[in-house]
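Listed below are the residues making up each chain.
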Amino acid sequence: MSQEVTVVCHHEYGNPEEVVRVERWKLPSLKPNQVLVKMKASPINPADLNMLQGVYATLSPLPAVVGMEGVGVITQVGSAVTELQVGQLVIAPNRMGFWCDAYVSDADVLSPIPSEISIEQAGMLAINPPTAWWMLTDFVSLEPGDWIIQNAANSAVGRFVIQIARYRGLKTVNIVRREALIPELEAEGADIVVTDEFPLSKQIRDLIGNANAKLGLNAVGGDSAHEIAKSLGAHATLVTYGAMGLEPLRIANGLLIFKDLRFRGFMVSERCKRTSTEDVQEMFTQIFSLAKAGKLKASVEKTYPLTAARKAINHACQSQRKGKILFVMD
Ligand SMILES: NC(=O)c1ccc[n+]([C@@H]2O[C@H](COP(=O)([O-])OP(=O)(O)OC[C@H]3O[C@@H](n4cnc5c(N)ncnc54)[C@H](OP(=O)(O)O)[C@@H]3O)[C@@H](O)[C@H]2O)c1
C-alpha cells in the first residue's frame, strides 16, 4: 500500500503566505533503482518565495511541492541499489520539492553527506555554498590578498562568500544594511564591513585606497550595484546573482569606457547543468570538508514544523533576520 506524507505545496502563484498549503499526498511505490528518503531539514530560501510567486526562471508544473534544497536520511533502498544504504544522510542537488516528510528518488542523483555535519547545516549546503564557491572561482583569477566587494553581505550567500574568502586568503569589503552586523561579520572573517550609506564608493575607496578590487558580487541591484561597480579596479568583473532590492542595474557609461568593467550573471542551477558529475562532486567534497571543520556554516534564526508553513514563510519574508528559517521534520 502506498504511503501518505505531509507536503507543503501550492496550486497557484501569488503571495507566498496565501497560496501555500499543507496537504497529504501519496508517495509513489519504490522502483528497484530508487530509495525512500525521510526529510530532516530544509530552509526557506528567497528562490522558494519567488517560486511561490511565479517569478522564478524555471517553474514546476502545478500543483507542486515547494523547497529547493534539504537533507534527508535513507529509510528504504530498492533491490538494485548498491551504492547507498539505509541510515545514510543525503542531499539531492538537482531536485525540487523538499518541504515534505519523505520522497522517493532515483538513487543515482543523491549525494551522501558526512555524518559529522549537523542536520541543520547539512540542509543548507546544496545551493548557497556552491553559489559562493563558484562565484569566487569562475570569473576572475583571485590570489591571496586580492580584494572582492559584495552587497547583501548578511545573506547566507554573503556569509559563505566571507567564509570561503577567508579560507582562500582573499580580502572582502562587505555592504550591510545595519551597523549592528559589523562585529558579527568581522568575527566571521570579513575584512571591512560598511553600511549602505551613499555615496558608498567614496567610503570604500577611503578604506581600500588603490587596492584595485578584481571582483564585485551583487545580489541587490540599483544604486548598491552601481556603487560597487564604481569601487572596483580597472578591468574588474561585477557578477549579479540576485535582485533583492528589485531595482534594475544602472551603470554609468564611463565605467565601461574608462575602466573596461565586465558585467556578468550567475545562476547555480545552470552552472551545475553544464558541469560534469565528477566536477560537481569535487566541489562538494571541498564544501563538505569545510563544513565538517566548522569553517562553513549558516546561522539559523528559527525552525518550524511543516504544519506551520504559513507562519514560517511570514517569518522568512521579514528583513533583519539573524539567519535562515528552516523546516525541521520529526
Ligand atoms: N543566482 C543564484 O544561483 C543564486 C543562488 C543562491 C542565492 N541567490 C540569491 O542570492 C540572494 C541571497 O540569498 P540567500 O539565500 O543568501 O538570502 P537570505 O539568507 O535569505 O538573506 C536575504 C538577504 O537579502 C537582504 N535584503 C533583502 N531585501 C533587501 C533589499 N531591499 N536591499 C538590500 N538587501 C536586501 C537581507 O538583508 P538584511 O540582512 O539587512 O535583512 C538579507 O541579507 C537572493 O537574491 C537569492 O535569490 C542566487
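Residues numbered from 1 in each chain as written. Predicted model: local features only at pLDDT ≥ 70, side-chain atom pairs only at ≥ 80, totals over all residues. Heavy atoms only, no water.

Q: Even after reading the chapter, I still don't get empty space enclosed by the protein, so can you show me in this structure?
A: Rolled over the atoms, a probe with the dimensions of a water molecule shows which regions are left empty. Applying the stated criterion to the full structure yields 1 cavity of 30 Å³ or more. Of the volumes computed, that of the largest cavity is approximately 70 Å³. Lining the largest cavity are 13 residues, and of these Met51, Ser60, Val65, Val66 and Met96 sit closest to its centre. Looking at the lining of the largest cavity residue by residue, the classes come out as 8 nonpolar, 4 polar and 1 charged. (1 Å grid on protein atoms, 1.4 Å probe; cavity = no way out; pocket = protein on both sides within 12 Å on 5 of 7 lines; lining within 4 Å. Points joined across faces, edges and corners; volume = space filled by probe spheres on them. Nonpolar A, V, L, I, M, F, W, Y, C, P; charged D, E, K, R; others polar.)

Q: Looking at this structure, how should I read the pattern of salt bridges?
A: Where side chains of opposite charge bring their charged atoms close, a pairing between them can arise. Under the definition given, this model contains 14 salt bridges. The partner of Lys171 in a salt bridge is Asp191, with the nearest N and O atoms 3.9 Å apart. Highlighted residues: Lys171 in strand E10 (residues 171-176) and Asp191 in the loop between helix H6 (182-188) and strand E11 (192-195), separated in sequence by 20 residues. Here Lys171 falls in the partly exposed class, since its relative accessible area comes to 31%. Here the salt bridges share partners, and the residues they tie into one network are Glu4, Arg24 and Asp101. (Salt bridge = Lys/Arg side-chain N within 4 Å of Asp/Glu carboxyl O. Helix = DSSP H or I, 4+ residues; strand = E, 2+ residues; numbered from the N terminus. Buried < 20%, exposed > 50% of the residue type's maximum accessible area, 1.4 Å probe, protein only.)

Q: In this structure, what is going on with the site of the ligand? I would like to understand it.
A: The immediate surroundings of the ligand are formed by 24 residues, with Asn154, Val157, Val268, Gln320 and Lys324 found nearest. At 2.7 Å, a side-chain N or O of Asn154 approaches an oxygen atom of the ligand. For the ligand, an oxygen atom lies 3.2 Å from a polar atom in the backbone of Ser155. Taking 930 Å² as the accessible area of the ligand by itself, protein coverage stands at 85%. For the shell around the ligand, the secondary-structure elements that each account for two or more residues are helix H4 (128-138) and helix H5 (156-168). Here the residues of the shell around the ligand sort into 11 nonpolar, 9 polar and 4 charged. (Near = heavy atom within 4 Å. Polar contact = N/O pair within 3.5 Å; in protein donor to acceptor, adjacent residues only side chain to side chain. Areas by Shrake-Rupley, 256 points an atom, 1.4 Å probe, with all protein chains shown as cover.)

Q: Explain the domain arrangement of the protein chain to me, please; I cannot follow it from the model alone.
A: Many structure descriptions define interface size as the accessible area lost when the parts assemble. With domains assigned, the protein chain is organised as domain 1 (4-124 + 298-328) and domain 2 (131-269). With centres defined by C-alpha atoms, the gap from domain 1 to domain 2 works out at 30 Å. Contacts between domain 1 and domain 2 engage 10 residues on the former and 8 residues on the latter. Carbon and sulfur atoms supply 55% of the area that domain 1 and domain 2 bury against each other, a total of about 710 Å² over both sides. In this assembly, domain 1 and domain 2 are joined by 0 salt bridges. Applying the counting rule to domain 1 against domain 2 returns 3 residue pairs in polar contact (both at pLDDT 80 or more). (Domains from an automatic or database assignment. Contact = heavy atoms within 4.5 Å. Buried area = accessible area lost by both parts, 1.4 Å probe.)

Q: Looking at this structure, how should I read the pairing of strand E1 (residues 4-10)?
A: The buried count for E1 comes to 6 of 7 residues, which makes it a mostly enclosed element. Here 7 bridges tie E1 to strand E2 (residues 20-26), and the two strands are oriented antiparallel to one another. Counted as the bridge partner of Cys9 is Arg21 from E2. Relative to strand E4 (residues 64-65), E1 runs antiparallel, the two being bridged by 2 bridges. Along E4, the bridge assignment pairs His10 with Ala64. (Pairing = 2+ DSSP bridges.)

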